[in-house]
Amino acid sequence: MAINIYDQFTNPVTGEVFKGISITPYVFKMQWIKKAGNDHAALPHIHVNQDEIFYVNKGELKLLVKDREYTAGPGEKIIVGKGKSHVVVNSTDELDITLEYRPPLDYEKFLQCYEGLVNDRYIDDKGFVDIRMMAYFIKKMKCQSMTIPAGISANKFKLLLHKYYLLGMMKGWNKLYMKYTQ
């Protein structure tokens, strides 16, 4: 049975909470709660085909977008256009955010794979999912909601995807992909 991203899940290392909220043909919404006392955040990254909107429900969001810091409090939002490098750089206070991805593309399936890796503990001691496995899933699903690390060229990223796809084929990661998405 596929992973239901509309049920809340927690990263056991970072304490971050994730929950899908809704999907329409225009937008995918999810909740992200970053617990107090945790300075973990995603690495700087770029959404190739989607705009990302951060709505602050609680706390103060500090977001670095192309080397410029933006701040938003409860009831405020920050919009990051597709193709712009960004990273959350906020303090360790609790942060409750509603994220929107426009258009939704296949973000639902992307999040199923992410949650599956977290639930099955394919994460490192900082709480990051196994990037090799996630790259395999991205290539396997012909991911439209592509997120690439900032500072890596699109060509180099595609080469890495291909490399990890071949590794995943040899290691049988398709079983996990099917478990998470079917």
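Residues numbered from 1 in each chain as written. Predicted model: local features only at pLDDT ≥ 70, side-chain atom pairs only at ≥ 80, totals over all residues. Heavy atoms only, no water.

Chemist: It is not clear to me how helix 4 (residues 174–181) should be interpreted in this structure. Could you clarify?
Modeler: Structural remark: α-helix, 3.6 residues per turn; residues separated by three or four positions point the same way. For helix 4, the full list of buried residues reads L176, Y177, Y180 and T181. Buried residues of helix 4, seen end-on, are gathered within an arc of 110° and therefore sit on one face of the element. On its buried face, helix 4 is in contact with helix 1 (107–119) and helix 2 (131–140). (Buried < 20%, exposed > 50% of the residue type's maximum accessible area, 1.4 Å probe, protein only. Helix = DSSP H or I, 4+ residues; strand = E, 2+ residues; numbered from the N terminus. Arc of directions from axis to C-beta. Contact = heavy atoms within 4.5 Å.)

Chemist: Please explain the pattern of salt bridges as it appears in this structure.
Modeler: Per the counting criterion, the structure on display carries five salt bridges. Close ionic contact of K58 with E94 constitutes a salt bridge, the shortest N to O distance being 3.6 Å. Here the residue K58 occupies a position in strand 5 (residues 51–58), and E94 occupies one in the loop between strand 9 (86–88) and strand 10 (95–102), the gap between them amounting to 36 residues. Across the salt bridge formed by D130 and R132, the nearest N and O atoms sit 2.8 Å from each other. In this structure D130 comes out as buried when scored by relative accessible area, which is 18%. (Salt bridge = Lys/Arg side-chain N within 4 Å of Asp/Glu carboxyl O.)

Chemist: I keep staring at the confidence of the model for the chain and nothing clicks. Help me out?
Modeler: Residues shown with low pLDDT carry predicted positions that ought not to be read at fine detail. On average, residues of the chain score 93 in pLDDT, and 98% of them reach the 70 mark or higher. Mean pLDDT in the chain bottoms out at strand 11 (residues 147–149), which sits at 89, and peaks at strand 8 (residues 77–80), which reaches 98. (pLDDT = per-residue confidence, 0-100.)

Chemist: What is the right way to look at helix 2 in this model?
Modeler: Taken residue by residue, helix 2 has M133, M134, A135, Y136, F137 and I138 as its buried positions. Check the buried side of helix 2 and you find it contacts helix 1, helix 3 (154–171) and helix 4. After helix 2 finishes, the residue K142 shows a positive phi value of roughly 50°.

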